[in-house]
Every structure is written in structure tokens, then in C-alpha cells.
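Residue-level structure breakdown
For reference, the chains in residue letters:
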Amino acid sequence: MSSPDSQATKTTSTHLYTIVVLGASGDLAKKKTFPALFGLYKNNYLSHQTRIIGYARTKMDQATFEGHVSKYIKLKSDEDNAALKDFLKLCSYVSGQYDKDADFQNLEVRISEVEKTSGAEARLFYMALPPSVFIPVSESLKKNNYKEGKIIRLIVEKPFGMDLESSRKLARELGALFSEEEIYRIDHYLGKEMVKNLMILRFANAIFGSVWNRHSIDNVQITFKEKIGTEGRGGYFDEFGIIRDVMQNHLLQILTLVAMEPPVSLDAEDVRDEKVKVLRFISPIEKDDVLLGQYGKSEDGKELGYLDDKTVPKGSKTPTYAAATLFINNERWSGVPFVLKCGKALNQQKTEIRIQFKDVVGNLFKSLSRNEIVIRVQPGEAVYVKMMNKEPGLGMKTIISDLDLSYSSRFNDSVIPEAYESLILDALNGDHSNFVRDDELDAAWKIFTPILKTIDEGHIDPVTYPYGSRGPAGVTEFVAKYGYHRGSQEYVWPQHSEAGTGAAGKDQRASK
Ligand SMILES: NC(=O)C1=CN([C@@H]2O[C@H](COP(=O)(O)OP(=O)(O)OC[C@H]3O[C@@H](n4cnc5c(N)ncnc54)[C@H](OP(=O)(O)O)[C@@H]3O)[C@@H](O)[C@H]2O)C=CC1
Ligand SMILES: O=C1O[C@H](COP(=O)(O)O)[C@@H](O)[C@H](O)[C@H]1O
């Protein structure tokens, strides 16, 4: 639960924690979890009495562990260097198996030792682990490290299952060990600044309220593009594919925030009630509403294709690109296509939400493009509204212009926190607003499970696209089929090249 106040201002948690990172030897822990904990520590959001214990099977001495913790921490000043030295003094490591009571009792000895000095009354267990060990680890924790009188919080990473059935099984098994109040299912996109901005944009601006519906909006596109392929994660990725990796969670979470009705309050349960409600209005995705792709070699032959990865099974049909259109069958959105697109090994990195408005009725001018609200999630956080203007001069020619709120120029003194920092702090504060509730997950899997079954059975052939290209052929036609109008006038979003998109200053208008 959270009060409006706790959402308005972030503070150091009122409880003192021992934080245990399980899977501490892994990729996520070193790239995201430890840097986020350091960020919180450095900015005084983490009490300096907090102790952090890493746990995994790999044997590591303190120096090796410290190297692992520090590897991805960016240090910009002498102050940062000093802060890291102090931060590392709070960290220690215990090695053990994931299903051995004796090892978790050994962990308990360490926790008790540090709690004697710190006096911590709360424990946060962060599962930076593959899903195959979520349950054995949860059982071991419950049996050996769940102490009456202590506040317990458990952060669980995605993926939460493979489909509706496995997700329900996971929820049942986890639910038998920890209460919903104790579980924090993390979707790190919910911690991104511009995703968190969606509720404020929508519900704190009168100008948007009356047009945010099917009467004014023609189509919505939510796009995730990455330049890198599945390098090094091919084995993991092949089991899941891009829909489970990105679309069913990150993009769908964004969709719910774009489409939900205003919540009764900012209380976590009120927000999550509205998110579930909108998901329940979405029908399962139809085969005809999907386009799949898989990347091949780059055109210059320098980058290998997905199937060249030795960890990927021969002839795999796993999609590395997907476009899917969802319809929300309620009063606000009936008939408005929500096109979700995501892909790896593409020509640029970007995540954005593009809301395209309907044509002007009774157009007086020769050349008009539709209005669009574009929310640039990353890189180069921005909100801009594409609008028609008079071209300066003696004539009455129209030109596309924009109202542009680019964070780099407007808020250049502000530091945008990493998504994981923001979410770990929420969990420490007991705020579930930006975590996924069990019924939300259930509703999300209902939308995707039938199409995933069709894909897993090999009934849809992905279209091969070159590594580093704009995606599979047919995407332009796909988005056009759902009403997206490219418009006839050329438009340049001024911040585009600054945002590091790699494009030559052109707003790519979600055509791919
Ligand atoms: N990496 C990322 O960027 C992201 C990861 N995630 C999610 O976070 C979780 C962890 O991801 P990541 O750190 O990349 O995973 P890793 O593969 O790096 O695994 C984490 C640790 O778990 C242990 N481990 C690995 N495989 C197994 C296994 N088969 N059985 C038991 N233990 C195993 C290893 O530790 P040891 O052998 O020492 O015990 C490893 O260091 C996953 O659920 C993933 O989906 C989510 C978003 C992004
Ligand atoms: O969850 C995941 O997200 C990352 C992209 O995260 P970002 O914060 O860098 O945008 C993606 O690369 C990965 O495949 C997926 O598992």
C-alpha cells in the first residue's frame, strides 16, 4: 500500500533492512541490482546501517565478490570513489546451493550476525535468479530465513511463467509460501521515468483528458527496438522468444498505463485494480493480427544471424521481432488498434509510445498530417506533440511542427534515476504500485497464451530480416493496415539525433 504522499516524495525507508541478493554471481546482479543499490546508498536513500549479502553457488572470496559488485558501477568523481569504498564495507558474500537447508542455515548465521550490529528489523530477498529455481529458493528461504517479527519482502524477477498454466502454478506455489503483500513482481519498465510519467501526463493535464479516447485517437503504437541481438543469451532466449521477453510484460504494462481509466486514488491497489480492468477488456490476440521476424546475418556479413548462434537449436522458429495488434473492447477504446512492436538486432535503440489522432474533419488545407503525441521512453526522455502550423511567410502553407518537452534541455540539472533504483526503493518502502499483482499477471497471460501456443507449435513462420535493419519486410503495411498514416510532409524531430538513435535527424514515425 502507499499513500499519495509516499508517491509524491521518495524518502529513505522507515525500516532498517538486511538485503539478500540471491543469484549474486549473475548477470542481472552485477549489471543492475548492485549498481542500483549503490545508487540508493550514494544518494542517501539506503540507510548506511543496511547490510547487503550476496548468495549464489559460485565460490568467491570477498575481494572477488567486491570486484563483481563494482564492475558496472559508474564512478564520476572522487566522492563516488569514496562512497563505493564505504558501500563495499556493507557487502558480504555467502556461497551455497539453492535447495540445501544447511546452506540456507549458513546464510541465516550471516544474516543474524549482521543484524546484531545493524539492528535491522526487515529483510529484503532479491531473486536475481533463473525462474527454474524460484520455487526451491523460496521454499528454502521460508524454512530457514523467515523469522517471525521481521518484515519480509521478496522481489521476484520476470519471467513469471511461460503461459497461463505455468504462471498460475508459479503463483500458487509462491502464494503458499509468501503473502501477496510480501511479494514484489518486478517489471523494470514500470520503474522508467517516462513510464512513471504516464499517469501524470494523462490525469494531471486537462488538455488531454477529453481527447484520450476512440472519438479522437485513431491508433496507438508502442515500440521497443534494440540494436543488439541475443548475443550470449541465445539459449535462454530461444525458450522464450521476443513476445515473452518484452511484449507480454514491458509493452503490455505500458499499454495498461496508457489505456486504463483514472484510478480512485494513487493507492497501489486502486492503480492495480484499473490496470487489471483494462487488461480484462482485451481479447486474446488473433493470428492475423501478428507479424513475426527473426534476424539473419547483417548485410555486410559482419554480424551473425540468430540461427548462427551455437546455443540456438537448428532451424528454430523463435521470433526475435514481433508486431501484434490488441483491441480493448470497452467504451473508451472500442475499435482503436494498439499496435505493439518489439525486436532485437534492429537499426536503432528506442522505446516510445506514439498516439496518433484522427484526421481533421472538413479539412480546409491541401496538405495535412495527423497530430501525434509521442512519449519517448528511451533514450533521450521526451514528450512531443506533432502539430500543424502555418509555414512562416506570406502564403498559407501548412508545416508540421512540434511542442517539444525534451528532458535533456528542460530538466538538464535533474538526474533521472535508473529503473531498478526506483523500484528497489519502492519495495523497501512497501509500495506495490509499480509491481505486478497476481491477477494482473493472470489477465496478461490470457491475452497472449493462445497466440504463443500457435507460435510454439511452429504454425507461424518468422520473416527473416538482416541484422541492423529496420525489421522484417511487411511492417510498414502491417501498421498501415491498423490505420497508421505516415503523412505526406517530411518531419524532423529536432532532438532525434541528440537522443542517440543513430538516425539522421528524422522522426521515424513508427513506420517500422
Ligand atoms: N540479465 C538481465 O539483464 C535481465 C535479467 N532478468 C531476469 O533476472 C533473472 C536473473 O537473470 P540473469 O542474472 O541474467 O541470469 P544468470 O543466468 O546470470 O543467473 C543468475 C545466477 O543464477 C545461477 N544460475 C544460473 N543458471 C542456473 C541454473 N540452471 N540453476 C541454478 N542456478 C543457476 C548462477 O549462479 P551460481 O551458479 O553461482 O549459483 C547465476 O550467476 C532471470 O529471471 C532473468 O530473466 C530480467 C531482466 C533483465
Ligand atoms: O527485460 C528485458 O529488458 C531488456 C531491455 O531493457 P532496457 O532497460 O535496457 O531497455 C532486454 O534487452 C532483455 O532482452 C529483456 O529480457
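Quantities reported herein were computed from a predicted structural model and do not represent experimental measurements.

So, how was this worked out
- Residues numbered from 1 in each chain as written.
- Chains lettered and ligands numbered in written order.
- Predicted model: local features only at pLDDT ≥ 70, side-chain atom pairs only at ≥ 80, totals over all residues.
- Heavy atoms only, no water.
- UniProt positions renumbered as here; feature names shortened; annotations may be inferred.
- Helix = DSSP H or I, 4+ residues; strand = E, 2+ residues; numbered from the N terminus.
- Near = heavy atom within 4 Å.
- Polar contact = N/O pair within 3.5 Å; in protein donor to acceptor, adjacent residues only side chain to side chain.
- Areas by Shrake-Rupley, 256 points an atom, 1.4 Å probe, with all protein chains shown as cover.
- Nonpolar A, V, L, I, M, F, W, Y, C, P; charged D, E, K, R; others polar.
- Buried < 20%, exposed > 50% of the residue type's maximum accessible area, 1.4 Å probe, protein only.
- Pairing = 2+ DSSP bridges.
- Phe/Tyr/Trp six-rings, centres within 6.5 Å; stacked < 30°, edge-to-face > 60°.
- Lys NZ or Arg CZ within 6 Å of the ring centre and 35° of its normal.

In this section: the UniProt feature "domain: Glucose-6-phosphate dehydrogenase NAD-binding" (unreviewed entry) in the protein chain. In the numbering used here, UniProt assigns the feature "domain: Glucose-6-phosphate dehydrogenase NAD-binding" (unreviewed entry) to residues 20-197. Helix makes up 47% of residues 20-197 and strand 16%, whereas the separation of the span's terminal C-alpha atoms amounts to 30 Å.

Turning to the site of ligand 1, a few remarks are in order. Close to ligand 1 lie 19 residues, the nearest being S25, L28, R57, T58 and Y98. Interatomic distance of 3.1 Å between a backbone N/O atom of G26 and an oxygen atom of ligand 1. Summarising the interface, the protein chains cover 75% of the accessible area of ligand 1, which totals 870 Å² for the free molecule. For the shell around ligand 1, the class distribution of residues is 11 nonpolar, 4 polar and 4 charged.

In this section: the pairing of strand β12 (residues 372-378). Taken across its 7 residues, β12 has 7 buried, putting it largely inside the fold. The hairpin formed by β12 and strand β13 (residues 382-390) contains 3 residues between the paired strands, and G380 there has a positive phi angle of roughly 70°.

Here the UniProt feature "domain: Glucose-6-phosphate dehydrogenase C-terminal" (unreviewed entry) sits at residues 199-484. Each end of residues 199-484 is marked by a C-alpha atom, and these two atoms are 24 Å apart; helix forms 31% of the span and strand 24%.

Here we come to the site of ligand 2. As a matter of local geometry, ligand 2 sits amid K158, H188, Y189, K192, F224, E226, R233, D245, H250, K344 and Q378. Contact between ligand 2 and K158: an oxygen atom at 2.9 Å from a side-chain N or O atom of the residue. One of the side-chain N or O atoms of H250 is found 2.8 Å from an oxygen atom in ligand 2. Within the complex, the protein chains bury 81% of what would otherwise be the 390 Å² of accessible surface of ligand 2. Considering only residue class, the shell around ligand 2 consists of 2 nonpolar, 3 polar and 6 charged.

What follows covers the packing of aromatic side chains. Summed over the entire model, instances satisfying the criterion amount to 20 aromatic pairs. Pairing Y146 with F178 gives two aromatic rings, centres 5.8 Å apart and planes at 55°, and the pair type is tilted. Remark: F178 occurs in the loop between α7 (164-175) and β6 (183-185) and Y146 occurs in the loop between α6 (134-145) and β5 (151-156); sequence separation between them is 32 residues. Note on F178: relative accessible area 2%, which makes it buried. Chaining the aromatic ring pairs together yields one cluster made of F237, Y295, Y306, Y321, Y465 and Y467. If you follow K142 out to its NZ or CZ, it ends over the ring of Y146, 4.6 Å from the centre. Against the face of Y189 rests K192, its NZ or CZ located 4.6 Å from the ring centre.

A separate point is the pairing of strand β10 (residues 337-343). Counting buried residues along β10, 7 of its 7 residues qualify, which places the element largely inside the surrounding structure. Residues P337, V339, K341 and G343 of β10 are buried on one face, and the alternating residues F338, L340 and C342, pointing to the opposite face, are buried as well. In this structure, strand β7 (residues 217-225) lies alongside β10, joined through 6 bridges in parallel fashion. Residue pairing in the sheet places Q221 in a bridge with V339 of β10.

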